[in-house]
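These are the residues of each chain, in order.
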Amino acid sequence: MVMKNKVLLTTIVPRRQHENPVLQLSLYYLKAYFLRYSRFHETTEVEIVVFKGEESCEKIFEAIINTKSDVVGFSCYVWNILTVLNITKKLKREFPDIKMVFGGPDVSPRACSLMRKHDFIDVTVIGEGEETFTALLHAWFSGKTDISGIKGIAYREKGKVFFTGERSQIQNLDEIPSPYLERIIDENMIANSEHYIPTETMRGCPYRCHFCYYHKGFSQVNFFPLERVERELKYILEKEPRGLYLMDPTFNIDQERAKEILRMVIKYNRISNLHVELKAELLDEEMIDLLKEAKTDFIEIGIQSANKKTLQLINRHFDPDTFSQNVILLNKKNIPFEIQLIDGLPADNYETLKESINWLLSLMPNKISIMRLMILPGAYLRANAKRLGIRYNNNAPYHSTESDTFSSGDLVKTDKLRRALFSLYISGLLKKSLYPLSERLGISYTHVFEEWNQWIEEKRMEALFVPGKVATDKRIRNAMEGVINAKRVSVVSDFVKHLSLKYGKPDIAVEIAELVREDGEAYLQKRRV
């Protein structure tokens with residue numbers, strides 16, 4: 001049968017994913033829903049193309065034109081919205097008959113204002129897109145010009161922008177066809193992927209953290225049926241991908257359900273690793289054992305700050321005692337995890353951020369990340385930034401530039417602290433040895449990092465610790481990286497000696513020399529693998 005309609009669903013992934021773009025599950029949900037419920041599914045081709053962050057606007061523009069699509073749907077995020085706007089403007093100017101549809105978390109909360117500013121956007125889908133996008137295509141392919149009755153969109157008519165009202169959440173998530181079980185996603189994309197294969201077991205988040213838009217405006221959390229979750233997990237894990245990524249904002253909000261899902265992963269998993277995001281206070285020893293058995297190799301744990309006043313202002317509950325106990329258990333079971341902080345939050349400043357870092361380091365985590373504060377569309381902080389004394393960049397990714405308590409200079413110092421944390425602790429170059437060095441010198445962990453920044457700048461060796469490719473030929477690159485890594489180990493050893501001398505305690509460098517050597521050997525061994 002000859003296709004009459006052509007729809008392109010597309011997005012641009014961040015640069016760090018450029019070698020093998022992560023499977024964009026949201027686009028496949030849209031396609032699966034349309035193919036099941038639209039009477040035009042037999043006369044419509046829906047193509048999905050994911051572009052790499054490094055590709056030029058011109059290259060992406062040409063690729064989109066070559067698809068000869070009637071409708072182009074862009075999935076918009078903070079990392080791609082500026083590029084998407086540039087490409088869409090040119091597309092609409094040269095091919096005005098193509099329908100341009102935007103969706104995604106960066107545009108849903110500001111659909112009308114965005115469309116008033118950019119007259120080349122025809123429609124913005126707000127919130128969950130499956131029902132709305134299918135209804136929109138159905139109207140267009142039926143020859144209708146009046147789309148005012150479709151809930152959940154902002155649209156343009158006679159130069160004006162209209163909002164049709166909110167669409168209710170999809171209560172029964174099983175109504176959304178599984179792109180995996182329906183074979184919408186080619187199984188070779190799973191088996192041959194170098195990235196973790198995403199799936200979700202719920203939608204929404206019960207928390208309303210003021211910096212976040214993870215809840216996406218949903219009034220409640222809805223869950224996919226466990227029977228469906230099991231069938232998806234079985235299908236994915238039997239393909240033996242590198243890893244599985246459970247995209248749920250807080251995987252363990254329902255502790256018993258989370259344990260049941262982990263048992264499913266254990267049942268079907270052969271070689272794949274597991275990546276989850278969870279709340280540490282909701283862990284217990286049984287769940288931690290299940291995470292270990294499920295081959296979990298990366299857990300994201302966000303606390304954002306340990307400052308009580310800041311936590312109150314961002315509507316964030318935190319139980320430090322339970323948190324500490326469970327982090328210790330994760331360490332005991334040797335499960336890798338990352339604890340995430342955010343700089344520039346209300347009432348936080350450079351000194352209180354350092355206090356949070358020092359407290360977390362006392363728990364000996366695998367990794368700490370200090371994220372840049374983004375004042376996201378739809379988030380409470382965006383609507384209340386002026387009252388809270390926060391200034392930010394109006395262009396994506398909307399980074400905070402300063403606040404009443406966190407100056408622009410403090411943010412610069414935080415950037416340096418972030419780099420030192422990565423160069424020394426996260427890399428492993430000064431991990432075990434950080435603790436006796438700090439204790440015996442009588443200075444905090446962050447003070448060690450500040451001393452490092454000062455010393456490395458004086459030595460003009462900052463570039464040595466900047467990650468990056470040193471050559472394109474693999475053999476040359478491996479040889480050069482081997483030399484660079486050995487140099488890094490030597491420089492860190494020299495720094496320990498320098499710091500011991502500076503504080504008038506030269507014996508300390510000798511006393512912890514073995515630990516410094518072990519850190520260096522572990523660092524080199526990890527990079528040889």
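Predicted model only: the values in this text are computed from it and were never measured.

Draft legend 1. Expanded view of the packing of aromatic side chains. Taken as a whole and judged by the stated rule, the model has 16 aromatic pairs. Counting every residue linked through ring pairs, the aromatic cluster contains Trp452, Trp455, Phe465 and Phe495. A cation sits over an aromatic face here: lysine 90 above phenylalanine 61, 4.4 Å from the ring centre.

Draft legend 2. Highlighting the side chain of serine 438. Structurally, serine 438 can be placed in helix H15 (residues 434-441). Residue serine 438 is classed as buried on the basis of its relative accessible area of 5%. Leaving out residues up to four positions away in the same chain, serine 438 has contacts with Ile443, Ser444, Tyr445 and Val448.

Draft legend 3. Molecular detail of the packing of helix H7 (residues 226-238) against helix H8 (residues 255-268). Look at H7 against H8: their axes get within 9 Å of each other, and the N-to-C directions meet at 30°. Here H7 lies roughly parallel to H8, going by the angle between them. In the packing of H7 onto H8, the handedness of the crossing is right-handed. On the side of H7, the interface is formed by Leu226, Val229, Glu230, Leu233, Lys234 and Leu237, while H8 contributes Arg257, Glu260, Ile261, Met264, Val265, Lys267 and Tyr268. Split by residue class, the contact of H7 with H8 holds eight nonpolar, no polar and five charged.

Draft legend 4. Quick look at the pattern of salt bridges. Under the counting rule described, the total for this entry stands at 36 salt bridges. Where aspartate 174 meets arginine 228, a salt bridge forms, and the shortest distance between an N and an O atom there is 3.5 Å. Taken together, the residues span a long stretch of sequence, with aspartate 174 in the loop between strand E7 (160-163) and helix H6 (187-191) and arginine 228 in helix H7 at a distance of 54 residues. The exposure class assigned to arginine 228 is buried, which follows from its relative accessible area of 3%. Within this structure, Glu256, Lys259, Glu260, Arg263, Asp284 and Glu286 form a network of salt bridges that share partners.

Draft legend 5. Expanded view of the environment of methionine 189. In this fold, methionine 189 is placed in helix H6. Sequence spacing of methionine 189 and lysine 239 is 50 residues, and the spatial spacing of their C-alpha atoms is 9.7 Å. The contacts of methionine 189, once residues within four sequence positions are left out, are Leu23, Tyr28 and Ile197.

Draft legend 6. Summary view of the packing of helix H2 (residues 57-66) against helix H3 (residues 81-94). Relative to each other, H2 and H3 sit at 50°, their axes nearing to 10 Å. By the angle class used here, H2 and H3 are oblique. Of the two possible hands of crossing, H2 and H3 adopt the one that is right-handed. Two secondary-structure elements touch here, H2 through Cys57, Glu58, Ile60, Phe61, Ile64 and Ile65 and H3 through Thr83, Asn86, Ile87, Lys90, Leu91 and Glu94. A class-by-class count of the residues in the contact of H2 with H3 yields seven nonpolar, two polar and three charged.

Draft legend 7. Structural detail: the sheet that holds strand E2 (residues 44-51). Strand order in the open sheet formed by seven strands is E2-E1-E3-E4-E5-E6-E7, and the pairing between neighbours is mixed. Among the strands making up the open sheet, the edge pair consists of E2 and E7. Averaged over all adjacent pairs, the angle separating strand axes in this sheet is 20°, with direction ignored. In terms of strand pairing, strand E3 (residues 71-75) meets strand E4 (residues 99-103) through five bridges, oriented parallel. In the strand pairing of E4, phenylalanine 74 is matched with phenylalanine 102.

About the criteria used
- Residues numbered from 1 in each chain as written.
- Predicted model: local features only at pLDDT ≥ 70, side-chain atom pairs only at ≥ 80, totals over all residues.
- Heavy atoms only, no water.
- Phe/Tyr/Trp six-rings, centres within 6.5 Å; stacked < 30°, edge-to-face > 60°.
- Lys NZ or Arg CZ within 6 Å of the ring centre and 35° of its normal.
- Helix = DSSP H or I, 4+ residues; strand = E, 2+ residues; numbered from the N terminus.
- Buried < 20%, exposed > 50% of the residue type's maximum accessible area, 1.4 Å probe, protein only.
- Contact = heavy atoms within 4.5 Å.
- Axes fitted to C-alpha atoms, helices over the stretch in contact; angles between N-to-C directions.
- Parallel < 35°, antiparallel > 145°, perpendicular 65-115°, else oblique.
- Left-handed = near helix turned anticlockwise from the far one by under 90°.
- Nonpolar A, V, L, I, M, F, W, Y, C, P; charged D, E, K, R; others polar.
- Salt bridge = Lys/Arg side-chain N within 4 Å of Asp/Glu carboxyl O.
- Pairing = 2+ DSSP bridges.

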